[in-house]
Amino acid sequence: MSRVTLSRFLIEQTRSHNTPADLRFLIEVVARACKRISYEVSKGALGGVLGSMDTENVQGEVQKKLDVLSNEILLEANEWGGHLAGMASEEMDKAYQIPGKYPKGAYLLVFDPLDGSSNIDVNVSVGTIFSVLRCPDECFSQNDTLGEEAFLQPGTRQVAAGYAIYGPQTMLMLTLGDGVKGFTLDREMGSFVLTHDSIQVPSSTAEFAINMSNQRHWEAPVQRYVDELLSGEEGPLGKNYNMRWIASMVADVHRILTRGGLFMYPRDARDPSKPGKLRLMYEANPMSFIIEQAGGAATDGRQRILDIEPTSLHQRVAVFLGSREEVERVTGYHQA
Ligand code: P6P
């Protein structure tokens, strides 16, 4: 069977779904940037890119050298193409303005350039998460600075989302709103090749992912639900569950896309000002779009994540996503 590369898939998608050429170009550029990030990550200690900068990002987190490098790779790859009105990143406080010497386009690109970076120095899978929005006409028509408000759109407005996972294989998982496709990087050809044509998250599961060390800080519905998971077949759920926690959202979500499961990062009492750890615009929204397109579900415990109206670029949100049956169960406990 002839191999379908990402480029061929996007061309065929254009014919069958009228995917705009600029969106096709955008995805190709992001994929190329992810190949470069994969290469830099794979060098490890040999590349002199492990360890931390002596800087913090807007989240107050110490920046890893690869966080900064990955951010720069995505900015440089995308700024000249004429397909973007602007960019936003976990690593930058403000929206990134397309330099005046380059034309602007209709799309906004929002990303976490290197998710899971706390795992970089211990050689555990990390990844890049990206979300694509249209730039609202009123913002796009202005030639002056693109304000943060242009990005503050609910996740239902995403036109594309995806992630690259830098693990034993480098893979790109992509949705354009018509299901989820998986591409594996053929390093000899230098191309992403379609290897997973229509991904579906199993509706039921016996595997959950959560950082148990935060248990004492959770709200009552989450305490109740996790207690039931841990009580196994003698408990009300009537089956034994397994647990995983990689602490790279990309890796945990990829496992769930591949074999099912439930990913949870609840809000907790450690910092009541933060309704969770994960960021809405460039972690929860793109991952929720992907999971829903694969038949799963994603809520913040109380509402569908994709329906949340953002109020700030770096706002945080609680996340429950994956196999539909378990997402609905734990969300139901929040209504009780
Ligand atoms: P904790 C990585 O820093 C991240 O943003 C997600 O990728 C991951 O799921 C989560 O934080 C891990 O958080 O508190 O377990 O280290």
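Criteria and thresholds
Residues numbered from 1 in each chain as written. Predicted model: local features only at pLDDT ≥ 70, side-chain atom pairs only at ≥ 80, totals over all residues. Heavy atoms only, no water. Helix = DSSP H or I, 4+ residues; strand = E, 2+ residues; numbered from the N terminus. Rg over C-alpha atoms; globule rule 2.2 N^0.38 Å. Buried < 20%, exposed > 50% of the residue type's maximum accessible area, 1.4 Å probe, protein only. Contact = heavy atoms within 4.5 Å. Areas by Shrake-Rupley, 256 points an atom, 1.4 Å probe, with all protein chains shown as cover. Pairing = 2+ DSSP bridges. Axes fitted to C-alpha atoms, helices over the stretch in contact; angles between N-to-C directions. UniProt positions renumbered as here; feature names shortened; annotations may be inferred.

### Examining the overall build of the chain
Each helix and strand counted, the chain has 8 helices and 17 strands in total. For 336 residues, the compact-globule estimate of 2.2 N^0.38 gives 20 Å, and the C-alpha radius of gyration of the chain, at 19 Å, lies within 12% of that figure. Seen through its principal axes, the chain has C-alpha atoms that stretch 65 × 50 × 45 Å. Buried positions account for 58% of the 336 residues belonging to the chain. For the chain, the proportion of contacts with a sequence separation of at least 24, taken over those separated by at least 6, is 65%. For the chain, the accessible surface area stands at approximately 14,000 Å², while carbon and sulfur atoms represent 48% of it.

### What about the sheet that holds strand β17 (residues 319-322)?
The strand order across the open sheet built from 5 strands is β12-β11-β13-β17-β15, with neighbouring strands paired in mixed fashion. Among the strands making up the open sheet, the edge pair consists of β12 (242-243) and β15 (297-299). Direction of pairing for strand β13 (residues 262-265) relative to β17: antiparallel, over a ladder of 4 bridges. Each bridged residue has a counterpart across the sheet, and for Tyr265 the counterpart in β17 is Val319. Relative to β17, helix α6 (residues 249-259) is tilted by about 35°, and along the sheet it contacts β11 (207-209), β13 and β17.

### Examining the UniProt feature "domain: Fructose-1-6-bisphosphatase class 1 C-terminal" (unreviewed entry) in the chain
As recorded in UniProt, the feature "domain: Fructose-1-6-bisphosphatase class 1 C-terminal" (unreviewed entry) lies at residues 201-334. For residues 201-334, the end-to-end C-alpha separation is 23 Å, with 36% helix and 15% strand making up the annotated structure.

### Here's the deal with the side chain of Lys181
Turning to its location among the elements, Lys181 is positioned in strand β9 (residues 180-186). The exposure class of Lys181 is buried, given its relative accessible area of 17%. With residues up to four places along the chain from it excluded, the contact list for Lys181 reads Phe9, Leu172, Met173, Leu174, Leu194, His196, Asp197 and Ile199.

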